[in-house]
Amino acid sequence: MAQISINIKEGTISKPDIIVGIDLGTTNSLVAIINKAGMPEALCDADKTAIVPSIVHFGKEGAITVGNSARQHLIDDTANTIYSVKRLMGKSYNDIAAIQQHLGYKIIDDNSESLVKIKVGEKFYSPIELSAFILRELKLRAEHVLQQQITKAVITVPAYFNDAQRQATRDAGKLAGLDVLRIINEPTAASLAYGLGNVKNAQTIAVYDLGGGTFDISILQLTPSENDGGYFEVLATNGNTFLGGDDFDRLIVEHWLQTNNIAADTVDKQLMQTLRLKAETAKKHLSTNDIFEDKINDIVCRLSVNEFETLITPLVNETIVCCKNALRDAGLKIGDIDTIVMVGGSTRTPFVKKSMTEFFNKPVNDSLNPDEVVALGAGIQADILAGNQKDMLLLDITPLSLGIETMGGLMDVIIPRNTKIPTGAGRQYTTSVDGQSKLLIAVYQGERDLVSHNRKLAEFTLSNIPGMPAGLPKIEIVFQLNADGILQVKAKELRSGVEQSIEVKPQYGLTEEEMGGMLLESIKNAKTDMEQRAIIEARVEAQNMLDTCERFIVKNAAHLSAKEISGTRELMVALQNTLNSSDKNVIQQHIEALNEFTRPFAERLMDMAISMAMKGKTL
Ligand code: AMP
C-alpha cells in the first residue's frame, strides 16, 4: 500500500520516493519499477519499447542524443557515435589494447595505466560521463512515465566487474543525478526476477547470459535467511566478451556470400550492413519458423533452420566449454545445479535453449522476456530497498564512502557507501618523488570528489620507506570496517615490509541529517566535482608526462636528432603553459600532441635498447 507523506514545513503533499532498477547494458539498457499491481515492469517509450540502445551521438551543434535516435548515426557519423562504452568502464589504456580494433571511435592511446578517454571532435569524455548520458536518458524516461522526480536507483553490473568498474558505475549514476543505493550483479538480478530470492531451500543456480556481443555464465549459491529472503554469492563466472548474437549474424552473411559465389572483399560497406541487418531478420524469423527466403538485388538470402543450427554449433559449443570451466572453478558437477536461468536476446534461439537443456539435463527457466529479466530483477531489488526495512538496512551498510586523499587533493574511495559491513578493501599506491621516505595518509569520509568538501577522519604517516626511485615502492593501503563500524586503516610498503596502522570510528559526530545533507550536496555538485576532478587528473597526467620527457631527453640525448630534441622541447613548453588552464580538453590536446611527436623515436630507442640488451650492453 503506497503512503502519501505531507511536508509539514511547506504544507505540500509529496509522493513517496520511487527507486528504479536499471540494467546498464553493453548493447541495450532498460529501467524498471514495481507497478501498482505489485509486478515488476520495464518502462516503455511512446512506441511501447522498453529497450534503450546504449549509444550516444554527438551532433554538430552540440546536440547529444541517446538510444534509438543515436543508433541511426552508427553508419553515417561513426566517429561521433559512441557504443559499447561499458567495455571501457574502469579500464586503463593498457587494459583495452586488445579491444581497440573492435571500436569505430577514437580512444586516445597513451600506452599507460591512466583511465581511458574517448575523443569526440575536440572534446575528451570519460566512460563515466558517457554512461551518465545513458543513465540520464533512463531517468528522464522514468520521470516521464511516472510523472515524478526520480533520484534513487539500483544499477546492475556483470558479476566479474572489479571494484574500479563498480565505482565507475556508481559515479556515472551520481553524475546523472541518481543516488545509487546498490550495485547488484546481473545474474543475481535475473535470479530475483524468477522469484528465486524467496525460496526456502538453498539453491545452486546457473545463469546463462547470451546477448548481442557478450556471453557470461555465472554460478550462484543462494542461501535463504530468516529475515530477508536470502543472500546470493557468486561461486564462479566465465564467458567470452566477444561472443554473441552478432556473431550468429556474421556467420549467416558469410554463408550467403558463399552460396551466391561472392568474395567478401568485393562487397562495399553499405551492402555489408544491409546484409547484416537481413541476417538478423533471418535469425529472428528462424526462432519460430523453419525456413527464411528473401533477396537483396540479385543476392538470394535463403536459410533453413537446419543450416542455421549447423552454422552456429561451434559458437554454442564454445559457450558449453565456458559452462564446464565455470562448474570446474566452482568445484561442482552438472548434477549439482538446481536451476538454470536464461538471459539475453540470443537465448531466444531455440537451438541455444535446447543445447542448454541437454547440457544441464534439466529444463531451463525461460518464461520471462530475456531482454528485460535483469532490469526486472533490479526493479525488485529497488522495491525491497524502498520497503519498511530502512532501519535494518542502515545497521549493516556503511552510509558514506570512505577513502584517502591522492594527488591534487582528490578523494580516492576505498569502501563505497552502502557497502555491506563487515567489509575490507585495499589498493596499491606508490611514491611520486625519488628517494621519498615518508607518505602521509589522510582518511576521509564523504561523497564529493575533492577531499576539501569531505570530512577528514584521521591522518598518519608511513615512515622509514627505504630510498627507492619514484614509482618503485608498492604501498598497500587496506581498509577494514568491522560490524560495529570501526575502521582500521593499514599501510604497508610491500618491498620492505614497513607498516603502520590506525583505528577510527567513521560515523562519530555525524547525525542522520548531516549525512543526508552531505549526500544531497554530492549529487547536486556531481557535475562540477567531476569537471574539477577531470582538470586535476589532466594536470597530474601532464606533469607526469613533462617529468618523463625531461628524464628521457637528458638520458638519451646522444641518440636523438637536434630536430627531435627541439621539437619535443617546444611541445613541452606548450604543455607547461596549459597547466593552469581550466579546460581539460586543452591540456589533453597538448598531452596528445607531445605523445604523437615523441612516440616514433621512443619506440626506436626501445627497439635499440632491446637489441643492445640482447648483445649484453645497456643503453
Ligand atoms: P541483448 O544484448 O541481450 O539485448 O541481445 C541482443 C541479441 O539478441 C541480438 O543479437 C539480437 O539479434 C538477438 N535476438 C533478439 N531477438 C531474437 C530472436 N527472436 N531470436 C534470436 N535472436 C534474437
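Anyway, here's the lowdown on the structure attached to this text.

Rules behind the numbers
- Residues numbered from 1 in each chain as written.
- Predicted model: local features only at pLDDT ≥ 70, side-chain atom pairs only at ≥ 80, totals over all residues.
- Heavy atoms only, no water.
- Pairing = 2+ DSSP bridges.
- Helix = DSSP H or I, 4+ residues; strand = E, 2+ residues; numbered from the N terminus.
- Axes fitted to C-alpha atoms, helices over the stretch in contact; angles between N-to-C directions.
- Parallel < 35°, antiparallel > 145°, perpendicular 65-115°, else oblique.
- Left-handed = near helix turned anticlockwise from the far one by under 90°.
- Contact = heavy atoms within 4.5 Å.
- Near = heavy atom within 4 Å.
- Polar contact = N/O pair within 3.5 Å; in protein donor to acceptor, adjacent residues only side chain to side chain.
- Areas by Shrake-Rupley, 256 points an atom, 1.4 Å probe, with all protein chains shown as cover.
- Nonpolar A, V, L, I, M, F, W, Y, C, P; charged D, E, K, R; others polar.
- Core = buried A, V, L, I, M, F, W, Y, C linked by side-chain atoms within 4.5 Å.
- Buried < 20%, exposed > 50% of the residue type's maximum accessible area, 1.4 Å probe, protein only.

1. Structural notes on the pairing of strand E18 (residues 291–296)
Item 1. Pairing analysis gives six bridges linking E18 to strand E19 (residues 299–304), with the strands arranged antiparallel. Paired with Ile-296 across the two strands is Ile-299, which belongs to E19.
Item 2. Between the antiparallel neighbours E18 and E19 lie two residues, among them Asn-297 with a positive phi of about 50°.

2. Observations regarding the packing of helix H7 (residues 245–259) against helix H9 (residues 305–330)
Item 1. Their axes nearest at 10 Å, the elements H7 and H9 cross at an angle of 130°. Overall, the two elements H7 and H9 adopt an arrangement that is oblique. Judged by the twist between their axes, the crossing of H7 over H9 is right-handed. Judged by residue contacts, Asp-247, Phe-248, Leu-251, Ile-252 and His-255 of H7 engage Glu-307, Phe-308, Leu-311, Ile-312 and Leu-315 from H9.

3. Observations concerning the site of the ligand
Item 1. Close contacts around the ligand come from 16 residues, with Gly-212, Glu-280, Lys-283, Ser-287 and Gly-345 the closest.
Item 2. Take Ser-287: an N or O atom from its side chain is 2.7 Å from a nitrogen atom of the ligand.
Item 3. A total of 510 Å² of accessible area belongs to the ligand in isolation, and the protein chains cover 84% of it.
Item 4. Those elements that place two or more of their residues in the shell around the ligand are H7 and helix H8 (269–285).
Item 5. Per-element accounting of the shell around the ligand gives the leading share, three residues, to H8.
Item 6. Tallied by class, the residues present in the shell around the ligand amount to no nonpolar, ten polar and six charged.

4. Brief notes about the nonpolar core
Item 1. With 49 residues, the main nonpolar core has Ile-22, Leu-88 and Ile-107 as its most contacted residues.
Item 2. Per-element tally for this core: the top contributor is helix H4 (residues 127–146), with nine residues.
Item 3. The contact partners of Ile-22, leaving out residues within four places of it in the chain, are Leu-30, Val-31, Leu-135, Leu-138, Ala-153, Val-154, Ile-155, Thr-156, Leu-178 and Ala-378.
Item 4. One finds Ala-206, Tyr-208, Ile-312 and Ile-320 within the second-largest nonpolar core, a separate group that totals 45 residues.

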